[in-house]
Amino acid sequence: MHTAKQFIIGPGHRFLAISRAMESIDLTEVATFAAHDGELIHTNANGFSWNFHPLASGRYCLSRTAWLCDLFEKFPRECVLTHGVIIEKPLLNDYSCHPISLFKHLDRLGFWRAGLEVMRRLLLSHAENKNESGVIPVLRTIAIDGGAEAVRVSDLSAVVDQIGTRRFATLLDQLLGNCATAVSSDLPSSLLIGALLDTLPIECRAEISFTTGLGFSFERFARLLFIGSDAAEKDRVQKQFNLPILSANSSNSDDVLPTLRNRWSMFWATLLEQNREQEWGALALLDNTQSLSDLSKLGRRYFRELGLEEIYQKMRECRQNGNGKEMYQVFQARLDSHDEALRVVASFLPPTESRSERTPVADEKMKSYLAAVSDSFHGNPIAQFHLHELFDEIANDASPDERDVACDILLREGVRQWNEQRAQVSNASWKSIENQIDTLSDVLNLWGEAQPHANEMHSKSNDFKSEE
């Protein structure tokens with residue numbers, strides 16, 4: 001059983017109540033981090049913000065900021081109140097150093113609801129001038145027990161399925177590489193931030209300070225700032241503070257995603273692409289890495305220990321060259337332009353042709369192959385490697401008599417999938433177009449390498465060039 005001290009900050013950014021024996025250094029930091037009126041994002045879907053940050057004393061602060069008008073209609077929308085607890089490291093350890101898990105546990109216990117009732121009574125007391133002595137009321141020290149699993153793999157997988165491996169790995173990379181990063185997303189903030197924390201060793205998670213609904217302020221410097229879908233806050237952060245902002249919405253397929261730089265994010269991108277995230281659940285319990293600064297070295301070690309060295313070397317070459325779009329493959333032949341790609345696609349897909357119903361390729365493997373084509377099309381560099389593996393696996397599983405037929409089906413369906421993805425994209429950036437060209441070139445080359453008549457693909461492309 002652990003204890004935690006409480007505090008409440010109300011109108012005018014003043015302490016309304018605190019627990020006994022709270023250290024002044026903690027109170028100073030709490031007051032500095034707490035939101036002022038007008039700093040809770042108005043489009044916040046929850047109507048509140050969960051906030052977490054370490055304190056200089058070695059303790060940690062968890063708080064919840066909400067609008068005062070939820071308690072008293074007479075207060076304007078801008079007025080906020082903050083209810084929080086100061087906890088010791090052993091309590092955070094019991095929850096696998098996962099603040100989101102502790103927030104949710106307190107929510108289930110009704111702690112935040114009880115805090116709202118206490119605040120309502122305090123504000124009534126102030127309104128009726130019952131506290132004329134000016135003495136701040138005392139809140140009781142609460143007892144907390146319980147715990148949480150080290151990694152919530154199901155939640156992590158759900159987030160990755162929503163936004164894609166490449167975008168999730170980029171979020172993690174930016175979180176580790178920047179002092180502060182703003183994230184816009186339609187996903188629930190607790191789900192997204194929880195998934196990012198799940199990818200970190202347990203002892204490293206406490207370094208990630210965050211808010212789930214407060215506007216950015218230099219006085220309240222959080223490493224991760226969740227701004228939801230608030231366009232006004234996004235514009236303010238970009239123009240006034242020049243803060244990196246990343247979208248965690250899968251629909252933003254035209255975003256130019258930077259090359260992964262941290263070996264830890266590269267490791268996680270590989271782990272997710274290989275569908276091996278379950279292994280991290282066991283590794284996290286044994287890993288004793290203490291600092292975020294050690295993660296790049298740790299990622300390098302796990303690449304070796306988990307048999308992913310070849311993938312790492314290819315990613316390393318790309319990172320050194322600063323070239324994200326050819327993370328795994330230097331094409332033997334590459335289409336020259338987007339227009340040429342469209343002409344090649346037209347030659348493979350007559351307008352009246354429909355999908356073939358009879359095929360020597362298993363449905364599940366075909367789905368995986370088409371998903372890899374789609375991910376590669378949208379700029380997922382790891383999917384290019386996965387595409388090669390799937391093509392070779394499907395081709396090798398086919399009987400000698402059906403191998404050529406299987407390769408032809410993979411080519412045609414791959415091109416068809418590429419064309420369907422292209423039809424859904426509008427206003428493509430130059431980077432997106434490069435990814436499209438690379439993906440189609442890769443599909444064509446995979447087929448060409450598997451065929452005794454590989455030059456047919458090149459001659460088909462050259463025929464179009466000679467006709468121009």
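In this text, all values refer to a predicted model and were calculated from it rather than measured experimentally. (Residues numbered from 1 in each chain as written. Predicted model: local features only at pLDDT ≥ 70, side-chain atom pairs only at ≥ 80, totals over all residues. Heavy atoms only, no water.)

J.: Is there a simple way to explain helix α1 (residues 24–33) in this structure?
T.: An α-helical segment advances 3.6 residues per turn. Residues three or four places apart therefore align on the same side. Restricting attention to buried positions, one finds in α1 the residues Asp26, Leu27, Val30 and Phe33. Relative to the axis of α1, the buried residues are bounded by an arc of 135° and lie together on one face. (Buried < 20%, exposed > 50% of the residue type's maximum accessible area, 1.4 Å probe, protein only. Helix = DSSP H or I, 4+ residues; strand = E, 2+ residues; numbered from the N terminus. Arc of directions from axis to C-beta.)

J.: So what exactly am I meant to see when it comes to the environment of tyrosine 369 here?
T.: Here tyrosine 369 shows up in helix α14 (residues 363–377). Separated by 18 residues in sequence, tyrosine 369 and leucine 387 have C-alpha atoms that sit 6.3 Å apart. Not counting residues up to four positions away in its chain, the partners in contact with tyrosine 369 are Leu387, Leu390, Phe391, Ile394, Leu410, Leu411, Gly414 and Val443. (Contact = heavy atoms within 4.5 Å.)

J.: Just checking my understanding: could you explain the packing of aromatic side chains for this structure?
T.: Two descriptors summarise a pair of aromatic rings, namely the distance from one centre to the other and the angle between the planes of the rings. Using the criterion set out here, one finds 19 aromatic pairs in the structure. With a centroid separation of 6.3 Å and 75° between ring planes, the pair formed by phenylalanine 7 and phenylalanine 15 is classed as edge-to-face. Phenylalanine 7 gets classed as buried once you look at its relative accessible area, which sits at 1%. Ring centres of phenylalanine 267 and phenylalanine 303 lie 5.9 Å apart, and the angle between their planes is 80°; on these two criteria the pair is classed as edge-to-face. Placement of the pair is phenylalanine 267 in helix α9 (residues 263–273) and phenylalanine 303 in helix α11 (residues 295–305), with a sequence separation of 36 residues. Against the face of phenylalanine 48 rests arginine 64, its NZ or CZ located 4.2 Å from the ring centre. (Phe/Tyr/Trp six-rings, centres within 6.5 Å; stacked < 30°, edge-to-face > 60°. Lys NZ or Arg CZ within 6 Å of the ring centre and 35° of its normal.)

J.: Which parts of the structure should I look at to understand the pairing of strand β5 (residues 80–87)?
T.: A regular strand places its side chains on the two faces of the sheet in alternate fashion. With 8 of its 8 residues buried, β5 lies for the most part within the structure. Neither face of β5 is left uncovered, since the one carrying Val80, Thr82, Gly84 and Ile86 and the one carrying Leu81, His83, Val85 and Ile87 both have all their residues buried. One ladder, built from 5 bridges, connects strand β1 (residues 2–10) with β5; its direction is antiparallel. By the bridge assignment, glutamine 6 is partnered in β5 with valine 85. Two elements, strand β4 (residues 60–67) and β5, share 8 bridges in a ladder whose sense is antiparallel. Opposite leucine 62, over in β5, you have valine 85 as the bridge partner. (Pairing = 2+ DSSP bridges.)

That is the geometry; function is a separate question.
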